[in-house]
Amino acid sequence: NSFVTRTNTCGELRSAHVGQEVTLYGWVQYQRQGLFLVLRDFQGLTQIIIPQDEAHSHVKKLLSNAPVESVVRVTGIVSPRPPGQENPKMPTGDIEVKAETAEILSSCKKLPFEIKDFIKKSEALRMQYRYLDLRSFRLQYNLRLRSQMVMRMREYLCNLHGFVDVETPTLFKRTPGGAKEFLVPSREAGKFYSLPQSPQQFKQLLMVGGLDRYFQVARCYRDEGSRPDRQPEFTQIDIEMSFVDQAGIQRLIEGLLQYSWPEERGCITTPFPSMTYEEALADYGTDKPDTRFGMKIVDISDFLRGSDIQFVQNALSYPRGTVKAICVPQGVRYLKNKDLESLKESARSQFNQEIMEIVCRPDRRLKSLLTKFLGEEQQSELMQALNMQVDDVVLLAAGEHKQVCSALGSLRLESADLLEAAGLVLRDPTAFHFLWVVDFPLFLPKEENPTELESAHHPFTAPHPSDTSLLYSDPTKVRSQHYDLVLNGSEVGGGSIRIHSAEQQHFVLEKVLKEDSEVLSHLLEALEFGAPPHGGIALGLDRLISLIVDAPSIRDVIAFPKSFRGRDLMGNAPDYVTPEELEPYHIQVSWPLAEKEAKQN
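Definitions and limits used
Residues numbered from 1 in each chain as written. Predicted model: local features only at pLDDT ≥ 70, side-chain atom pairs only at ≥ 80, totals over all residues. Heavy atoms only, no water. UniProt positions renumbered as here; feature names shortened; annotations may be inferred. Buried < 20%, exposed > 50% of the residue type's maximum accessible area, 1.4 Å probe, protein only. Helix = DSSP H or I, 4+ residues; strand = E, 2+ residues; numbered from the N terminus. Pairing = 2+ DSSP bridges. Domains from an automatic or database assignment. Phe/Tyr/Trp six-rings, centres within 6.5 Å; stacked < 30°, edge-to-face > 60°. Lys NZ or Arg CZ within 6 Å of the ring centre and 35° of its normal. Expected span 1.5 Å × (residues − 1). Arc of directions from axis to C-beta. Contact = heavy atoms within 4.5 Å. Patch = residues over 30% accessible without salt bridge, like charges linked within 9 Å, V, L, I, M, F, W, Y side chains within 5 Å. Areas by Shrake-Rupley, 256 points an atom, 1.4 Å probe, with all protein chains shown as cover. Salt bridge = Lys/Arg side-chain N within 4 Å of Asp/Glu carboxyl O. Lys, Arg positive; Asp, Glu negative; His and termini not counted. Charge placed at Lys NZ, Arg CZ, Asp CG, Glu CD.

Under the annotation held in an unreviewed UniProt entry, the chain carries the name SYDM protein and is attributed to Fregetta grallaria. Its UniProt record gives the chain the following Sequence similarities (unreviewed entry) comment, quoted word for word: "Belongs to the class-II aminoacyl-tRNA synthetase family. Type 1 subfamily."

Given below as structure tokens:
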């Protein structure tokens, strides 16, 4: 209550305050029959008793007629609630304030929706009136928890470990590779700035500059469609260190998260478990495994290698051909036929992968098109290999290793969603399973042209020390010093040890990635002036907070987010500008005819 004219907040009055005169400010949450109202501010609720005597008739009239969500000032005496009328669900439920004087500071017009967490409203309406949505308890809680975590992170990095908080430029130039960047026109004809997708180059240059330890709560930009876990502008906890290895970065982040973790979310234990990229793909079908539940992928290639099943033999005849399966617990009981068909269609449409099902019947016999090819002993061995129980359903796939793993990994998550929707709890909503994924490939084939390579992380990532020689002979086999931090199946951080040799960086850009290194001439030159070995990481703050508070979207932990299509529905941005405003930037807009007519109308 420092610096303000209230004596108390609406969430702090208790029995110890009985008899005191207080002045409260807040919003009218609701009003009941001219007898009392509930006043709300950022900290909580207080019940205000509306006086019924003639001497306070003006106060009664004012408070009885105050529209919901109007801002009022109330001065009165704290009193105990009558016996039996206490409300144990409210922290202030033992007291009420008997109003002596009141003032409506700002009246509220008819609301587009009720400011209550349990009232359903469309996300578009919530974003159009974001300033109203921000009054909800859920958003208030999310933003305050976010602020507290960031403050604790600053303490840990700057006060305890000597990091320097440096702001890097927002206007820069295009970076080769990676996500599409927003362009900002300049007054020089044909020249544009780019909004950086991360401060990657600047933080490396700070290490060349001898700063040793850098950190920033960094605003980053990507010109791509907004998904539940993506926004065109987002926030990273950005970190870089000199003279560090992968283990050092991992220990730092584990300590940072442990130090800043909200008490009400329980403790997190360190060190976090770790698995290689190949292990993650083989066991979970993804590089960001959700380890809160089982249903791991099982390789049954050797078991079926001697069988007469044609599609199995076809798959195993190819290089990296495999047969794998997942066991869906209690699938017969919880999944309908349409669910199983939906899972098969999903694998077909997304991964071009056929799926075969095997059901374990109550008599512990298997029901499947495969069983006629397998004797009873083989069926029993298969059940043992997959740990099948009565009513379990196995989903089996045969084909190329990565395709099979990816398809089964996707089906594993879809099956878990279906089982939980039907009432079987697989994932503890209060559990937080952190995991390091390491030893990624340094390069991957481009989707649009598999004969060309692109960086799996970014072009500044250093090769694994054991694979450095392969960089020059067979780059497709090189592992990287790239590490991802995964939480409950979502990537919340990614980093790497960087290339600090100008010669090696030039080779990667020009010879492997076929990129024009001239765009990065400033960085390449900097590496020639004595660059220390260095590495870093960036934590996705929006995604991390959304997982901690169990929000359905990162938009629920950002004060003013963009819509699914990247628009600001409240301020209607992006918006048109006049030709006169564009003139200094040497830009003319070529309008499609239909859009031109719509704009004129």
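(A) Representation of the pairing of strand E10 (residues 233-242) in the model. In terms of residue burial, E10 counts as a mostly covered element, since nine of its ten residues are buried. Summarising the sheet, strand E9 (residues 213-221) and E10 pair through nine bridges and their orientation is antiparallel. Looking at the pairing, Arg-213 lines up with Met-241 of E10.

(B) Geometry of the domain arrangement of the chain. The domain architecture assigned to the chain consists of domain 1 (15-106), domain 2 (139-275 + 433-556) and domain 3 (293-422). A straight line from the C-alpha centre of domain 1 to that of domain 3 covers 63 Å.

(C) Seen up close, the pairing of strand E20 (residues 482-487). Burial within E20 is extensive, with six of its six residues counted as buried. Burial of the side chains of E20 extends over both faces: His-482, Asp-484 and Val-486 are buried on one face and Tyr-483, Leu-485 and Leu-487 on the other. Note: strand E17 (residues 434-438) against E20, four bridges, orientation antiparallel. If you follow Trp-436 over to E20, its bridge partner there is Leu-485. Relative to strand E21 (residues 490-497), E20 is paired through six bridges, and the arrangement is antiparallel. Counted as the bridge partner of Val-486 is Glu-491 from E21. Counting the residues between successive antiparallel strands, the hairpin from E20 to E21 contains two residues, one of them, Asn-488, with a positive phi of roughly 50°.

(D) Up close: the packing of aromatic side chains. Across all of its chains, the model carries eleven aromatic pairs by this definition. Consider the rings of Trp-261 and Phe-434, whose centres lie 5.7 Å apart with planes at 70°: the pair is edge-to-face. Placement of Trp-261 in the loop between helix H6 (246-260) and strand E11 (274-276) and of Phe-434 in strand E17 is noted, with a sequence separation of 173 residues between them. Looking at Trp-261, the relative accessible area reads 8%, which means it is buried. Judged by relative accessible area, which is 5%, Phe-434 ranks as buried. Measuring from ring centre to ring centre gives 6.3 Å for Trp-436 and Tyr-483, while their planes differ by 80°; the resulting arrangement is edge-to-face. With Trp-436 in strand E17 and Tyr-483 in strand E20, this residue pair connects regions lying 47 residues apart in the sequence. There is no split in this pair, since Trp-436 and Tyr-483 are both buried. A connected cluster of aromatic rings, assembled from ring pairs, spans Trp-261, Phe-272, Phe-432 and Phe-434. Over the face of the ring belonging to Phe-293 we find Arg-412, whose NZ or CZ atom lies 3.8 Å from the ring centre. When the ring centre of Phe-293 is taken as reference, the NZ or CZ atom of Arg-427 above it lies at 5.5 Å.

(E) Representation of helix H11 (residues 337-351) in the model. When the terminal C-alpha atoms of H11 are compared, their 21 Å separation across 15 residues agrees well with the 21 Å that a helix rising 1.5 Å per residue should span. Taken together, the buried positions of H11 are Asp-339, Leu-340, Leu-343, Lys-344, Ser-346 and Ala-347. Angular distribution of buried residues about the axis of H11 spans 150°; they occupy a single face of the element. When the buried face of H11 is taken as reference, the exposed residues oriented beyond 90 degrees from it are Asn-337, Lys-338 and Ser-349. Structurally, H11 contributes buried residues whose contacts are with helix H10 (331-334), strand E14 (356-360), strand E16 (393-400) and helix H13 (401-421). At the exit of H11 stands Asn-352, carrying a positive phi of roughly 55°.

(F) Just a negative patch on the surface, in detail. On the surface, a cluster of negative charge is made up of Glu-21, Asp-53, Glu-54 and Glu-100. When you line up the elements, Asp-53 lands in the loop between strand E3 (44-49) and helix H1 (57-65). With a relative accessible area of 36%, Asp-53 lands in the partly exposed category.

(G) Quick peek at unusual backbone geometry. That bond from Thr-270 to Pro-271 is cis: its omega, -5°, falls within 30 degrees of zero. A cis geometry characterises the amide bond from Ala-573 onward to Pro-574, with omega recorded as 5°. As for its placement among the helices and strands, Pro-574 is situated in the loop between helix H17 (541-548) and helix H18 (579-582). A positive phi angle, close to 60°, is found at Arg-320, a residue other than glycine. Within the secondary structure, Arg-320 sits in the loop between helix H9 (310-316) and strand E13 (321-328). For Arg-320, a relative accessible area of 52% corresponds to the exposed category.

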